[in-house]
Amino acid sequence: MEQIVHRRSVVLQSNQNNIKLSTTMFFHLHSNKQADGEAERARRKQQMAEARRHVTEELVAAMALPEGERLVWNTTVADLMAAAHIAYAQGTVCDDRGRTPTFTELAATVCKRFGRRKPANPWAAVYQAEQRKSAATASFIERYRFMMVERGMDNPLASHFISRP
């Protein structure tokens with residue numbers, strides 16, 4: 001798969017207020033060629049499995065923080081539901097009684113923890129979020145995998161999707 005990366009830095013300065021803003025933007029151009037053989041597909045499949053495992057670990061760690069510590073989910077509720085569904089599908093999440101919660105229970109718990117309103121139909125939110133196929137709006141797990149693998153972030157969930165006000 002070809003990938004061309006363009007980097008552009010933008011610096012804005014204002015002499016009146018001594019304001020200096022520096023931003024670096026990354027532009028990625030992905031080719032539409034098919035993956036280069038079985039090795040590439042196997043590598044990508046392994047990366048996605050690792051990303052799913054990592055999302056689950058980060059979400060469980062965030063949920064385990066003390067109740068007094070307020071957390072805010074920075075992106076859409078659809079992304080939050082996608083993260084909760086990934087954790088649910090891994091089958092390793094347990095509630096305080098040691099049982100595996102249903103997806104609806106997990107969705108309600110996660111929404112409450114991050115101060116977001118639970119969608120009327122969490123399953124539909126997950127389905128719609130997973131149907132994102134365009135380059136402009138990749139699915140949650142694709143964006144997470146990109147941050148983890150391509151950008152080298154250790155904890156994309158904690159550093160990009162969750163904040164502490």
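Residues numbered from 1 in each chain as written. Predicted model: local features only at pLDDT ≥ 70, side-chain atom pairs only at ≥ 80, totals over all residues. Heavy atoms only, no water.

Novice: Would you take a moment to explain the overall build of the protein chain for this structure?
Specialist: Counting its regular elements, the protein chain contains 6 helices and 4 strands. Each helix (α) and strand (β) of the protein chain, taken in turn from the N terminus, gives the series β-β-α-β-α-α-α-α-α-β. Burial analysis of the protein chain (165 residues in total) assigns 29% to the buried set. Here the analysis covers contacts within the protein chain between residues at least 6 apart in sequence; of these, 63% occur between residues at least 24 apart. For the protein chain, the accessible area works out to roughly 10,900 Å², and carbon and sulfur atoms hold 52% of it. (Helix = DSSP H or I, 4+ residues; strand = E, 2+ residues; numbered from the N terminus. Buried < 20%, exposed > 50% of the residue type's maximum accessible area, 1.4 Å probe, protein only. Contact = heavy atoms within 4.5 Å. Areas by Shrake-Rupley, 256 points an atom, 1.4 Å probe, with all protein chains shown as cover.)

Novice: Explain the layout of surface pockets here, please?
Specialist: Any empty space left between atoms is shown by rolling a water-sized probe over those atoms. Each pocket or cavity is described by its volume, and for the second largest pocket that value is around 470 Å³. Considering the residues around the second largest pocket, the lining is formed by 23 residues, among which Met63, Glu67, Leu106, Thr109 and Arg113 are closest to the centre. Going through the elements one at a time, helix 1 (37–63) and helix 3 (103–113) are the ones with two or more residues in the lining of the second largest pocket. Ranked by the residues each element gives to the lining of the second largest pocket, the list is headed by helix 3, at 5 residues. Within the lining of the second largest pocket, the residues separate by chemical class into 12 nonpolar, 2 polar and 9 charged. (1 Å grid on protein atoms, 1.4 Å probe; cavity = no way out; pocket = protein on both sides within 12 Å on 5 of 7 lines; lining within 4 Å. Points joined across faces, edges and corners; volume = space filled by probe spheres on them. Nonpolar A, V, L, I, M, F, W, Y, C, P; charged D, E, K, R; others polar.)

Novice: What should I look at first to understand the pattern of salt bridges in this one?
Specialist: Opposite charge on two side chains permits pairing when their charged atoms draw close. Evaluated as defined, the whole model comprises 11 salt bridges. A salt bridge links Glu50 to Arg53; the nearest nitrogen and oxygen atoms lie 2.3 Å apart. Remark: Arg53 and Glu50 occur in helix 1; sequence separation between them is 3 residues, near one turn of the helix. Taking the relative accessible area as the measure of exposure, Glu50 reaches 28% and is therefore partly exposed. For Arg53, a relative accessible area of 34% puts it in the partly exposed group. (Salt bridge = Lys/Arg side-chain N within 4 Å of Asp/Glu carboxyl O.)

Novice: Could you clarify how one ought to interpret the packing of aromatic side chains in this entry?
Specialist: The geometry of two aromatic rings is summed up by the distance between their centres and the angle between their planes. One pass over the structure, following the stated rule, counts 8 aromatic pairs. Ring centres 6.4 Å apart and planes at 45° place the aromatic pair Trp73 and Phe140 in the tilted group. One end of the pair, Trp73, is in strand 3 (residues 72–73); the other, Phe140, is in helix 5 (residues 140–150), and 67 residues separate them in sequence. In this pair, the class of Trp73 matches that of Phe140, namely buried. Each member of the aromatic cluster is reached from another via a ring pair, and the members are Trp73, Phe114, Phe140, Tyr144 and Phe161. (Phe/Tyr/Trp six-rings, centres within 6.5 Å; stacked < 30°, edge-to-face > 60°.)

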